[in-house]
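Descriptive structure summary
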Amino acid sequence: MIEKDVVHAQHGAIALSESARGLVRRGLEGEKWRADASGHEELRALGLAVLEPLTGQYVLADLHEAQRNLIQAEQASMSQHQARITSISSLFAGLDQMAAETSGGVVHFEDIAVANDVIAKYMETMRSHIYTAHPNARPPGQLKASIARETRLLQRGLKMRTIYADSAKTRAAEREWTQAASAHGAEVRTMAPDFVRMLLIDDRCAIISDQDTGPEQPPTGYIITHPGMVRICATFYKFLWDRAEPWMGGRVRQRHDTITTGRGREILRKMEEGSTIDQIARLLGLSRGTINKEIKALYESTNTSSHFALGSWWATSGERKLP
């Protein structure tokens, strides 16, 4: 390693003093010098001074060989620093894990800035994927600002999945974001909006919103870092993902002959099999209230007012063939 008090440097650049340059000129002319010559220590530090054992004097080293040796030494040093940087990340990831397990790994937040700081920290070292679920509309400015950042993540090979509410298909901001993100490999799906707002980063962190937080209220929720709890959140997200419908950002297509949704048809099939409301809610992982809302919407769209009438309509409907 080159000593800073021997070789002059400006912002990391190596330079020689005038006395050292004068010694190089003497060496190029075939002269020798003693160890006490002005500028000698600078040349020695760079490998430019070679000792002649018989005379005890120094001669100028081969310039190309000295350059090669110096570059190799710097490259080895860079590799060592990179290894240390990697080990630092691993060390503190382990310490974060210990802290999460010690504290229970679940922290409630009432200020969204706290959650955003945690998200930013984990995204800096993200290795695998980021999964999100947004039951409410996202601010257009936020979506526009996020496209460049999320495109960079996708270009790094990271996996991205997003679940939006079905109503997102009617909003330009979500359509534009979905089209841009999908073009770079993101996967987007939609479903009825009775699901929790969620964010998952790798298998290390989950952010879950409070269920009773409305779209106009400041978001509050939980930061989860305990490994077991994060895995439970990931399992729940997969449950939602498997029931959502793929979307590439296109507009809602109005079809006069299609008046049911994918979830509505799923409920109708369960009703046809004889399942009760409670059983359907349990099978689909939804609340009883959500199932009743879906059935009420089916009553309105099919102009019926009872389970029997709805079942009769379904029995002869061409929509039975739809997925």
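As shown above, the structure is provided for reference.
Structure report, in brief. Since the model is a prediction, treat every value here as computed from it, not as a measurement. What you see as residue numbers is a count from 1 along each chain, following the sequence as written. Per-residue local features of the predicted model are confined to residues with pLDDT of at least 70, and side-chain atom pairs are confined, for both listing and counting, to 80 or more; whole-chain, interface and lining totals are unaffected and use all residues. Hydrogen atoms and water are omitted, and side-chain values are computed over all heavy atoms in the structure.

So, about the overall build of the protein chain. The number of helices and strands found in the protein chain is 11 helices and 12 strands. Relative accessible area decides the class of each residue, using a 1.4 Å probe on protein chains only: under 20% of the type maximum gives buried, over 50% gives exposed, and in between gives partly exposed. Of all 323 residues assigned to the protein chain, the portion counted as buried reaches 38%. Pairs at least 24 apart in sequence give 67% of the contacts found in the protein chain among residues at least 6 apart. Here, Shrake-Rupley sampling with a 1.4 Å probe gives the accessible areas, and only protein chains in the shown set may cover a residue. Split by element, the accessible area of the protein chain, about 19,600 Å² in all, is 54% carbon and sulfur. Numbering goes from the N terminus for both helices and strands, where a helix is a DSSP run of H or I of at least four residues and a strand is a run of E of at least two. Contacts: residue pairs with any heavy atoms within 4.5 Å of one another.

This next bit is on the pairing of strand E9 (residues 198–201). Two faces make up the sheet, and in a regular strand the side chains alternate between them. By the alternation rule, side chains of E9 split into Met198 and Leu200 and Leu199 and Ile201, which are all buried. Examined bridge by bridge, strand E6 (residues 129–134) and E9 share four bridges and lie antiparallel to one another. Residue pairing in the sheet places Ile130 in a bridge with Ile201 of E9. Here the rule is simple: two strands pair whenever DSSP picks up at least two bridges between them. Across four bridges, E9 lies against strand E10 (residues 205–209) in antiparallel orientation. Note that in E10 the partner of Ile201 across the bridge is Cys205. Between the end of E9 and the start of E10, which pair antiparallel, lie three residues, with Asp202 showing a positive phi angle near 50°.

Spatial ordering of the open sheet is given by E5-E11-E10-E9-E6-E7-E8-E12, a layout of eight strands whose pairing is mixed. Only two strands of the sheet have a single neighbouring strand rather than two, namely strand E5 (106–109) and strand E12 (245–246). Its contacts with the sheet place helix H4 (residues 112–124) against E5, E6, E9, E10 and strand E11 (221–224), and it is angled at close to 155° to E10. Helix axes are fitted to C-alpha atoms over the stretch in contact, other axes to C-alpha atoms as well, and angles between N-to-C directions run from 0 to 180 degrees. Each of strand E7 (159–165) and strand E8 (187–191) touches helix H6 (residues 172–183); the most contacted strand, E7, lies at about 160° to it.

On to the packing of helix H9 (residues 277–284) against helix H10 (residues 288–302), then. Orientation of H9 relative to H10, taken along the N-to-C sense of each, is 110°, at an axis distance of 9 Å. Regarding the angle of H9 to H10, the classification is roughly perpendicular. On H10, the residues touching Ile277, Asp278, Ile280, Ala281 and Leu284 of H9 are Arg288, Ile291, Asn292 and Ile295. Each angle gets one of four labels, with under 35 degrees taken as roughly parallel, over 145 as roughly antiparallel, 65 to 115 as roughly perpendicular, and the rest as oblique.

Exposure above 30% relative accessible area and the absence of a salt bridge qualify a residue for a patch, where like charges join within 9 Å and nonpolar side chains (Val, Leu, Ile, Met, Phe, Trp, Tyr) within 5 Å. The term salt bridge refers to a pairing of a side-chain nitrogen on Lys or Arg with a carboxyl oxygen on Asp or Glu at a separation within 4 Å. Taken together, the side chains of Val106, Tyr222, Met229 and Ile232 make up a nonpolar region of the molecular surface, amounting to roughly 330 Å² of accessible area. Here Val106 lies in strand E5. For Val106, a relative accessible area of 35% puts it in the partly exposed group.

Remember that the coordinates give geometry; whether it matters functionally is a separate question.
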